[in-house]
Amino acid sequence: MDWNQLRVFLTVAEVGSFTGAGKALGLSQSAVSRQIGALEGSLGVMLFRRHAGGIDLTEPGLELQKAVG
């Protein structure tokens, strides 16, 4: 597990958007999206539900947030 990906994950979970997390971390939205995609790929689960109104943590996302947050 990549600690940088976890840092990005926690920021997205806290801020509630990839764009906002990118601004907070000094990264582009696409860089944040790539980091989250890589983390989801390595874990084999979706961490966020993406929809027109934004994003929500999935159950595995909530569990990861509790474990590392």
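Criteria and cut-off values
- Residues numbered from 1 in each chain as written.
- Predicted model: local features only at pLDDT ≥ 70, side-chain atom pairs only at ≥ 80, totals over all residues.
- Heavy atoms only, no water.
- Phe/Tyr/Trp six-rings, centres within 6.5 Å; stacked < 30°, edge-to-face > 60°.
- Helix = DSSP H or I, 4+ residues; strand = E, 2+ residues; numbered from the N terminus.
- Buried < 20%, exposed > 50% of the residue type's maximum accessible area, 1.4 Å probe, protein only.

K.L.:
Break down the packing of aromatic side chains for me, with residues and values.
P.N.:
The relative placement of two aromatic rings is captured by the distance of their centres and the angle of their planes. Within the structure shown, the criterion is met by two aromatic pairs. With a centroid separation of 5.5 Å and an interplanar angle of 50°, the aromatic rings of F9 and F48 are classed as tilted. Taken together, the residues span a long stretch of sequence, with F9 in helix α1 (residues 3–15) and F48 in strand β1 (residues 48–51) at a distance of 39 residues. Take F9 and F48: they sit in the same class, and that class is buried. Since its relative accessible area comes to 3%, F48 is described here as buried. Feature note: the residues F9, F18 and F48 constitute an aromatic cluster, connected by ring pairs.

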